[in-house]
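Reading the structure
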Amino acid sequence: MAAVLPLAVTLPALTAMFGGRLGTFATIALAVGSLLLIACTAALTARAARDSAEQARRDEAVLDALEPLAGLRR
């Protein structure tokens, strides 16, 4: 994901800087590509957050199972 972030930032900048010189089709292609990269990056971030939350829930369940008295918190 870290490798995609510079590209996701660079493509909108290229579209803004060279949009007039590239023509309509190239500008639209760059804009669509930028939006796709941003969407993919957001999806990867959401997936990582979901996985992290699931891992935290499992860790909490294991710690609860290890406690001698059920429901007792540290």
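Attention here is on the structure that accompanies the text. (Residues numbered from 1 in each chain as written. Predicted model: local features only at pLDDT ≥ 70, side-chain atom pairs only at ≥ 80, totals over all residues. Heavy atoms only, no water.)

A word on the pattern of salt bridges. With the rule as written, the count across this model stands at two salt bridges. A salt bridge links Arg-57 to Glu-54, with the nearest nitrogen and oxygen atoms 2.6 Å apart. Here Arg-57 pairs with Glu-54, and both are found in helix α2 (residues 24-66), just three residues apart, close to one helical turn. Judged by relative accessible area, which is 31%, Glu-54 ranks as partly exposed. Across the pair Arg-58 and Glu-54 runs a salt bridge whose closest N-O atoms are separated by 3.7 Å. Placement of the pair is Arg-58 and Glu-54 together in helix α2, with a separation of four residues, close to one helical turn. Under the relative-accessibility criterion, Arg-58 is labelled partly exposed at 38%. Three or more residues joined by partner-sharing salt bridges are found here, namely Glu-54, Arg-57 and Arg-58. (Salt bridge = Lys/Arg side-chain N within 4 Å of Asp/Glu carboxyl O. Helix = DSSP H or I, 4+ residues; strand = E, 2+ residues; numbered from the N terminus. Buried < 20%, exposed > 50% of the residue type's maximum accessible area, 1.4 Å probe, protein only.)

Bringing a nonpolar patch on the surface into the picture now. On the surface, Ile-28, Val-32 and Leu-36 cluster together into a nonpolar patch covering about 280 Å² of accessible area. Assignment of secondary structure puts Ile-28 in helix α2. (Patch = residues over 30% accessible without salt bridge, like charges linked within 9 Å, V, L, I, M, F, W, Y side chains within 5 Å. Areas by Shrake-Rupley, 256 points an atom, 1.4 Å probe, with all protein chains shown as cover.)

Geometric descriptors of this kind do not, in isolation, establish any biological role.
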